[in-house]
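# Summary of structural features
These are the residues of each chain, in order.
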Amino acid sequence: MHKLKSIAAILLAVLISTVTLCGCMGRNEVASYYNKEEYLIIEFTRLKSYTNSLSMEKGDVIRCAISCEKGTVSLTIEDEDGEVIFSEKKISEDNFDVEIPSDGTYYITVTGKSSKGNAAFEKIAADEID
């Protein structure tokens, strides 16, 4: 009986350690996202990394709006060949435009360390820019 209790205690300790370690590794939690042809909106509660794309034409602008309640995020925008056209780290709150140099698909990657907040990216056609 004493041996059975010892085995049960060891199994319980292993289970608790496993659950604790898995929780510490962090999960990527994107609460919701909306991806349409002209915009991308993400709300995140524990962001590690999130990537999505927008089809753009030369002269278009990606209008960016980022707001973090907790932590900061980094933003990278790359063309379909992997060339970085915009990169910035440690953004907590900002609004800005990124002009598109050529037609194609652009990949928007937002990364953070357990960051909480939202980010919106809107495609503005070149002929609609004020």
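Heads up: the structure comes first, above all this text.
Now for a description of the structure that goes with this document. What you see is a predicted model, and the numbers here were worked out from it, not measured in a lab.

## Remarks on the nonpolar core
Counting 24 residues, the largest nonpolar core has Leu75, Ile77, Ile108 and Phe121 as the members making the most contacts within it. Of all the elements in the fold, those that place two or more residues in this core are strand S2 (39-56), strand S3 (61-70), strand S4 (73-78), strand S5 (84-91), strand S6 (93-99) and strand S7 (104-124). Leu75 has contacts with Cys64, Ile66, Phe86, Ser87, Glu88, Ile91, Phe96, Ile108, Thr109, Val110 and Phe121, leaving out every residue within four places of it along the chain.

## Some remarks on a negative patch on the surface
A surface patch of negative charge is lined by Glu37, Glu38, Glu122, Asp127 and Glu128. As for its placement among the helices and strands, Glu38 is situated in the loop between strand S1 (29-35) and S2. Take Glu38: its relative accessible area is 41%, and that puts it in the partly exposed class.

## A closer look at the packing of aromatic side chains
Evaluated as defined, the whole model comprises one aromatic pair. Measuring from ring centre to ring centre gives 5.0 Å for Phe86 and Phe96, while their planes differ by 25°; the resulting arrangement is stacked. Of the two residues, Phe86 sits in strand S5 while Phe96 sits in strand S6, which places them 10 residues apart along the sequence. Phe96 gets classed as buried once you look at its relative accessible area, which sits at 15%.

## Some words on the environment of Lys70
Structurally, Lys70 can be placed in strand S3. In the structure, Lys70 is positioned 45 residues away from Ser115 in sequence and 5.3 Å away in space, judged by C-alpha atoms. Excluding its chain neighbours within four sequence positions, the residues that come into contact with Lys70 are Ser114, Ser115 and Lys116.

## Observations concerning the environment of Phe121
Position of Phe121 relative to the elements: it lies in strand S7. Sequence separation of Phe121 and Asp97 is 24 residues, and the distance between their C-alpha atoms is 9.3 Å. Apart from the residues within four sequence positions on either side, Phe121 is in contact with Glu38, Tyr39, Leu40, Leu54, Ile62, Arg63, Cys64, Leu75, Ile108 and Val110.

## Describing unusual backbone geometry
With a phi close to 55°, Lys90 is a non-glycine residue in the positive phi region. One non-glycine residue, Ser114, adopts positive backbone phi at about 55°. Here Ser114 shows up in strand S7.

## Examining the pairing of S4
On S4, burial follows the alternation: Val73, Leu75 and Ile77 on one face are buried, whereas Ser74, Thr76 and Glu78 on the facing-out side are not. Relative to S5, S4 runs antiparallel, the two being bridged by five bridges. Residue pairing in the sheet places Thr76 in a bridge with Ser87 of S5. Here S4 folds back onto S5, and the loop between the two strands holds five residues, one of which, Gly82, carries a positive phi near 90°.

## As for the pattern of salt bridges
The tally for this structure, following the rule as stated, stands at two salt bridges. Arg63 serves as the salt-bridge partner of Asp97, at 2.9 Å between the closest nitrogen and oxygen. Of the two residues, Asp97 is situated in strand S6 and Arg63 in strand S3; the sequence distance between them amounts to 34 residues. For Arg63, a relative accessible area of 31% gives the class partly exposed. For Lys116, the salt bridge is made with Glu69, and the minimal N-O distance between the two is 3.9 Å. With a gap of 47 residues between them, Lys116 in strand S7 and Glu69 in strand S3 connect regions that are remote in the sequence.

Cut-offs and rules
- Residues numbered from 1 in each chain as written.
- Predicted model: local features only at pLDDT ≥ 70, side-chain atom pairs only at ≥ 80, totals over all residues.
- Heavy atoms only, no water.
- Core = buried A, V, L, I, M, F, W, Y, C linked by side-chain atoms within 4.5 Å.
- Buried < 20%, exposed > 50% of the residue type's maximum accessible area, 1.4 Å probe, protein only.
- Helix = DSSP H or I, 4+ residues; strand = E, 2+ residues; numbered from the N terminus.
- Contact = heavy atoms within 4.5 Å.
- Patch = residues over 30% accessible without salt bridge, like charges linked within 9 Å, V, L, I, M, F, W, Y side chains within 5 Å.
- Areas by Shrake-Rupley, 256 points an atom, 1.4 Å probe, with all protein chains shown as cover.
- Salt bridge = Lys/Arg side-chain N within 4 Å of Asp/Glu carboxyl O.
- Lys, Arg positive; Asp, Glu negative; His and termini not counted.
- Charge placed at Lys NZ, Arg CZ, Asp CG, Glu CD.
- Phe/Tyr/Trp six-rings, centres within 6.5 Å; stacked < 30°, edge-to-face > 60°.
- Pairing = 2+ DSSP bridges.

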